[in-house]
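These are the residues of each chain, in order.
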Protein chains: 4
Amino acid sequence: MNKMKTEIRRLAVYSSGGDAPGMNAAIRAVVRTASYYDLHVFGIYRGYEGMIDGDIVRLDKGDVGNIIHRGGTILKTARSTRFRTPEGRKLAYEALVANDIDALIAIGGDGTFTGGKIFFEEYGIPVIGIPGTIDNDLFGTDYTIGFDTAVNTAIEAVDRIRDTADSHNRLFFVEVMGRDTGYIALNTGIGSGAGAILIPESSIDVETLIKHLEKTAKRQKLFSLIIVAEGNENGNAQKLASEIRDRFPDYDPKVTIIGHLQRGGAPSALDRLIASRMGFKAVEAIIEGHTNKMVGIQNNQMKLIPFEDAINKSKDIDKDLLRMAEILSL
Amino acid sequence: MNKMKTEIRRLAVYSSGGDAPGMNAAIRAVVRTASYYDLHVFGIYRGYEGMIDGDIVRLDKGDVGNIIHRGGTILKTARSTRFRTPEGRKLAYEALVANDIDALIAIGGDGTFTGGKIFFEEYGIPVIGIPGTIDNDLFGTDYTIGFDTAVNTAIEAVDRIRDTADSHNRLFFVEVMGRDTGYIALNTGIGSGAGAILIPESSIDVETLIKHLEKTAKRQKLFSLIIVAEGNENGNAQKLASEIRDRFPDYDPKVTIIGHLQRGGAPSALDRLIASRMGFKAVEAIIEGHTNKMVGIQNNQMKLIPFEDAINKSKDIDKDLLRMAEILSL
Amino acid sequence: MNKMKTEIRRLAVYSSGGDAPGMNAAIRAVVRTASYYDLHVFGIYRGYEGMIDGDIVRLDKGDVGNIIHRGGTILKTARSTRFRTPEGRKLAYEALVANDIDALIAIGGDGTFTGGKIFFEEYGIPVIGIPGTIDNDLFGTDYTIGFDTAVNTAIEAVDRIRDTADSHNRLFFVEVMGRDTGYIALNTGIGSGAGAILIPESSIDVETLIKHLEKTAKRQKLFSLIIVAEGNENGNAQKLASEIRDRFPDYDPKVTIIGHLQRGGAPSALDRLIASRMGFKAVEAIIEGHTNKMVGIQNNQMKLIPFEDAINKSKDIDKDLLRMAEILSL
Amino acid sequence: MNKMKTEIRRLAVYSSGGDAPGMNAAIRAVVRTASYYDLHVFGIYRGYEGMIDGDIVRLDKGDVGNIIHRGGTILKTARSTRFRTPEGRKLAYEALVANDIDALIAIGGDGTFTGGKIFFEEYGIPVIGIPGTIDNDLFGTDYTIGFDTAVNTAIEAVDRIRDTADSHNRLFFVEVMGRDTGYIALNTGIGSGAGAILIPESSIDVETLIKHLEKTAKRQKLFSLIIVAEGNENGNAQKLASEIRDRFPDYDPKVTIIGHLQRGGAPSALDRLIASRMGFKAVEAIIEGHTNKMVGIQNNQMKLIPFEDAINKSKDIDKDLLRMAEILSL
């Protein structure tokens, strides 16, 4: 059932959920690959919201000619509560029918794919997903679009803070994105040579942290950068800093919350490359009759992962990297 | 009395207060210019703290050979409570005497210059100040070292947020530094094409802000970036955002606090240029017998401004720029 | 005659000659300021070429809503040989009449202003110029739009080369733009702490250069960066490098030509600020009845400079800066 | 013989050949991991040259405390002709013995590993290699240190040129590094959405190129960016541009040679991560008794590859990527 051989003629692409740098490179690849295979391509604005509203336009090769380097998504994105209702999905289906759309390519995360899966089950319009989320938390793909850029942006921010931290011999908490997962924090921490990394997957209490800091302080490492994932169970950076201020008055930790900075900016080389490859592969998968699958990259090869796996299975953080990070920070 | 013709032979330079990008370019210029005029140059670590502790080293031309592009300050910086006491200053004087230092160049803000001024009055060691602070709030100079970099960093951050704001049609508050003055916020706001700029010098209430936003919203400008100086009297970005959430529930504003990011990073072209010119001029001023003066740049010319003016007079924000910013944001 | 009080109703803006980062900020300011004063605004594509071809579109406030941070010019630019002929200018005039355009704002350099001046003399359509050129070689303004960005881009490039130069103890020639003037090279050289700066205004022969390099080499400064303006009379970077290879075989100098990199990229804070101010001022000048004048910034104040001065008078390079650069490089 | 279980106590690390961003992150990881395992660590300056000269220093954890973000290599690098002679290697051996060094970690490319292999065969000092070269042309590893940064730097440069190319509707040739291999050019081309990519592995003649450009020109894509690897057999960018000027006078192509820019700059997130992992793994491999092997990363797992394979086997370019790049550029 996940492979069906009706011929595809008119394909629509949309981005949904949080935006991520590299989404435009994926849109470009979808449009150009589809054109190469003589499909008509459409763009749906604002994800499922725009689908419901019929906010759908024809996209030509030229329309994606100067976007590969731009952050954000030219199709905009939104979260849709209406699409969670049968009425919303009915309107969406009618809008697609009105435009003769016979296949979909959805760029987003698990919420996006869940929507596409239900929609296929109800209305039979095949859908292929492209993993676009800075969090890199989707099972079945080594990278999601936007992750590499987000980590580079965070590291660049920490590099700047390093200058001032070093000038002042100070303790800095830097909070990066990642509500449920520590991928961004872990890679930012390793890449910025942080003194410690606090992530949901590996909680560490304030005493341990202070003990660790004192160990490094002994050998003249006079400033410390602590990377905190926003979802860390010890509380976020602000809370941690105030706890340390209370109990270890010698430290006057400063806090920076990088926040939405990480979502923007020109996509990195890697994100442009994988986004291009994923967009290319998604169109080929649609043409070959696949549906309800996410394009993934594993060991540098393109794969198709069933939506149920991408949505339900969880990707574990690499414990060896965590251990290495700790050893290198000492 | 502010000009005294004892020959200077051994000069010490230090940075004090908050660090600012470009301080290293100033240190390099001081060392090289002093060497050119056959003076011996010393660096004092951690500002007045290091002066008290005698943390003083010889600096050679080669020591400053690869620092012009580095953020922070190789001499580190600190705030010193001890230097506010006569005992502290006595220790500092003894350390200088022990090293035969007969003149000082102080890089910092008004606190730094106040310290230097008192110290000269007590001990007669001539001191020339170089304005190094990202806030650009010193009277007598069009630019302080670090300001241009801080504004560029803030604008670059807002550019990134713009990508994601545009993808989501959202309202964003971005808080930049500037506890008492809105220079960074004003220039960041103009340079990033912000929807509104909230600064200490020109308070605007939440109703006015919302009215302004609705005016721009009418012409399809679906996202808005509001730049807030940390000292804004309506409260900081977090407070403003929550007030708006309470009273205008349709908006779900996001907040980013750029924070210490603005202090770090490689200095901009302009900061390297003025820092080089100021370091150069400061040494010439010392040699010519000046003391208790800050080097300033006015209309692209180097000037000497008495410390009492630099410290006590205030620099007004340019109301015309504020008006222009408002017109351009509509 | 350079001030005429017919009421302006329909204003057109165009960019011409080489593009420069910040031109979009100027276009944005022109459109928004004109809208504020209830003028209709038009954009002419590809400078005088588009004027001749009638390639003219209405610009609304929303059309310039997301461009302040983009390099290049949304109106594109071109050099026009046709506009140098009476026939070409006649066609241009007819196209303007067809669109009821009664005033022009021209963004570009001296060629652009010369065109505007002749055109006004022939057809009486008032024109105000905005200095947009990375070369900063226009009389009457401290800055031209794009200069600060070009210098920052060049310095950033040299910073990267510094990493590898330092790792290898090598001699590097870096060629920056500036066919007739050394402003970019001078500021790049000071800002990047170059070992020597070779510009048209101050020629230095290869022997002198080598002697200078040997002087710095003595104190362990093992690598050297030489900044060369493309117009340097000793030949460009390639030629200099090969001459040194021939006569001083111990050196194996490497060459980088930064080239068109310097024209692109997001405009710097300063360029966005002055471009905004210049666009704002240009519209006010047009409304007040001025014509044949260039907006300039002098000592942080907006000025109007007659085209003949901007075109014919020359701006001298600051010899004191050259001398300082040399002292600091030793 | 490639695994030998004498206990290692004093380890030396060096970088050799061309420098690459991320080498410092590898040095840091080597020093910290070795310290963690209670080894003494030494740094050898300027690769084999410094080994011969005995330019060897003790490295402590603190010595690598603020280097992870710096381009180049703090140990400097050089090419050594002396080490190719038995006399040179004998001197090197004596210097290592004088310092009681009993194992080596060599960061570099195939020349570096060849040197290490011969040296082990002659003197029995175990050596593990870390692949540090921007070219990514070593068999047995998906990534070499510096490649990701070099591609990001090149793409960023092309993004800037894109601004000006777009403003002028021009044809641009951009030459990137890669004397024998097209990896940098291929990834830069895909990531920057180039109109064509000319690499050693896939030659394309000027007629074909022009035909391709005309095809894209038809659909209003008015500017084109062509990425050229320096080793392309049609000649480098300058030669190609002049050939096109001769035979297709309508085009006036511009050329930028990115050159040594690509070697410098702060390393990317990915380069810092793999460099850290490789340094970590190299020390563990040395402790476990391995020698004459290069650390590689394959499918995100660390591997040990015999030097003879890393040196002699060749890594093929991915033809599917080439085909995709062509389809996406149309």
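Residues numbered from 1 in each chain as written. Chains lettered and ligands numbered in written order. Predicted model: local features only at pLDDT ≥ 70, side-chain atom pairs only at ≥ 80, totals over all residues. Heavy atoms only, no water.

Thoughts on the side chain of Thr149 of chain B
Residue and element names in this part refer to chain B. Using the following cut-off: Secondary structure elements are defined from DSSP: runs of H or I of at least 4 residues count as helices, runs of E of at least 2 residues count as strands, and each element is numbered from the N terminus. Accessibility here uses a 1.4 Å probe with only protein chains present; expressed as a share of the type maximum, an area under 20% marks a residue as buried, one over 50% as exposed, and anything in between as partly exposed. Distance and chemistry together define a polar contact, namely a pair of N or O atoms within 3.5 Å, with one atom able to donate a hydrogen and the other to accept it when in protein, and with adjacent residues in sequence counting only for side-chain atoms on both sides.
Note on placement: Thr149 falls in helix H5 (residues 147-168). We classify Thr149 as buried; its relative accessible area is 2%. Separated by 2.5 Å, the side chains of Thr149 and Asp271 make a polar contact.

Focus on the interface of chain B and chain C
The cut-off we apply is this: Only heavy atoms matter for contacts: two residues are in contact if any of them lie within 4.5 Å across the pair. Accessible area that two parts lose when put together, with a 1.4 Å probe and added across both, is what the buried area reports. Think of a salt bridge as a Lys or Arg side-chain nitrogen and an Asp or Glu carboxyl oxygen that are within 4 Å of each other.
At the junction of the two partners, chain B supplies 46 residues and chain C supplies 46 residues. Both sides of the chain B and chain C interface together cover about 4000 Å² of buried area, and 57% of this is carbon and sulfur. At the boundary of chain B and chain C, one finds two salt bridges. Taking the shortest distance from any N to any O, the salt bridge between Asp159 of chain C and Arg272 of chain B comes out at 2.6 Å. Remark: the boundary between chain B and chain C carries 18 residue pairs in polar contact (both at pLDDT 80 or more). Broken down by element, the side of chain B that touches chain C gets its largest block of residues, eight residues, from helix H9 (residues 269-287) of chain B.

Thoughts on the packing of helix H1 (residues 23-36) of chain A against helix H9 (residues 269-287) of chain A
Residues and elements named next belong to chain A. The condition is simple: Between N-to-C directions, angles cover 0 to 180 degrees, with each direction set by a line fitted to C-alpha atoms, over the stretch in contact for helices. Crossing handedness is read from the near helix: turned anticlockwise from the far helix by less than a right angle, it gives a left-handed crossing, and turned clockwise, a right-handed one. Charged residues are taken to be Asp, Glu, Lys and Arg, nonpolar residues to be Ala, Val, Leu, Ile, Met, Phe, Trp, Tyr, Cys and Pro, and polar residues to be all remaining types, Gly included.
It is the contact of H1 with H9, at a shortest axis distance of 7 Å, that shows an interaxial angle of 35°. Read as a crossing pair, H1 and H9 show a hand that is right-handed. Residues Ala25, Ala26, Ala29, Val30, Thr33 and Ala34 of H1 pack against Arg272, Ala275, Ser276, Gly279, Phe280 and Val283 of H9. Residues belonging to the contact of H1 with H9 are distributed by class as follows: eight nonpolar, three polar and one charged.

Some points on the environment of Asp309 of chain A
Residue and element names in this part refer to chain A. Residue position: Asp309 is located in helix H10 (residues 307-312). With a relative accessible area of 22%, Asp309 lands in the partly exposed category. As for Asp309 and Lys293, which are separated by 16 residues in sequence, their C-alpha atoms are 9.1 Å apart.

Details of the sheet that holds strand S10 (residues 293-298) of chain A
All names here are of chain A. Definition in use: Strands are labelled as partners when DSSP assigns at least two bridges between them.
Spatial ordering of the open sheet is given by S3-S2-S1-S4-S5-S10-S11, a layout of seven strands whose pairing is mixed. Across the chains shown, the open sheet's two edge strands, defined by having one partner strand only, are strand S3 (56-58) and strand S11 (301-306). Strand-to-strand twist in this sheet, taken as the mean axis angle between neighbours without regard to direction, amounts to 30°. As judged from the five bridges shared by strand S1 (residues 10-15) and strand S4 (residues 103-108), these two strands associate in the parallel manner. Bridging across to S4, Leu11 finds its partner in Ala103. Relative to the sheet, helix H4 (residues 110-123) contacts S1, S4, strand S5 (127-131) and S10, its axis offset from that of S4 by approximately 160°. Contacting S1, S4, S5, S10 and S11, H9 runs over the sheet at an angle of about 170° to S5.

Some details on the relation of the copies chain B and chain C
Stated precisely, the cut-off is as follows: Superposition of the copies used a least-squares fit over C-alpha atoms from residues whose pLDDT is at least 70 in both.
When chain B is brought onto chain C, the operation consists of a screw motion whose angular component is 180° and whose axial shift is 0.0 Å, with 0.0 Å RMSD remaining. Such a combination of turn and shift is consistent with a two-fold rotation axis. Scanning chain B for the C-alpha nearest the rotation axis identifies Asn299 of chain B, at a separation of 2.1 Å. By residue overlap, the copies meet face to face through one surface: 100% of the interface positions of chain B are interface positions in chain C.

Topic: the packing of aromatic side chains
Selection rule: Here a pair means two rings of Phe, Tyr or Trp (six-membered ring of Trp) with centres within 6.5 Å. Their orientation is stacked below 30 degrees between planes, edge-to-face above 60, and tilted elsewhere. Comment: the charge-over-ring label is applied if NZ (Lys) or CZ (Arg) is within 6 Å of the ring centre and within 35 degrees of the ring normal.
Tallied over the entire structure, the rule returns 28 aromatic pairs over all chains. When the centroid spacing of 3.9 Å and the interplanar angle of 15° are considered together, the rings of Tyr48 of chain C and Phe83 of chain C count as stacked. With Tyr48 of chain C in helix H2 (residues 47-53) and Phe83 of chain C in the loop between strand S3 (56-58) and helix H3 (86-98), this pair connects stretches of sequence that are 35 residues apart. Taken together, the aromatic side chains of Tyr14, Tyr48, Phe83, Tyr93, Phe119 and Tyr123 of chain A make up a single cluster linked through ring pairs. A cation sits over an aromatic face here: Lys315 of chain B above Tyr183 of chain B, 5.4 Å from the ring centre.

Examining H3 of chain C
Residue and element names in this part refer to chain C. The line we're drawing: Here, expected helix span is obtained from the residue count minus one, scaled by 1.5 Å. An arc is given here, and it is the one of the directions from the helix axis to the C-beta atoms.
The end-to-end C-alpha distance of H3, which contains 13 residues, comes to 18 Å, matching closely the 18 Å that a straight helix rising 1.5 Å per residue would cover. Turning to H3, its buried residues number three or more, namely Gly88, Arg89, Ala92, Ala95 and Leu96. Looking straight down H3, one finds its buried side chains confined to an arc of 120°; they lie on one side. In this structure, H3 carries Glu87 and Ala98 as exposed residues pointing more than 90 degrees from its buried face. Considering only its buried residues, H3 is in contact with strand S2 (40-44), H2, S3, strand S4 (103-108) and helix H4 (110-123). Asp100 occupies a position one or two residues after H3 and carries a positive phi of about 60°.

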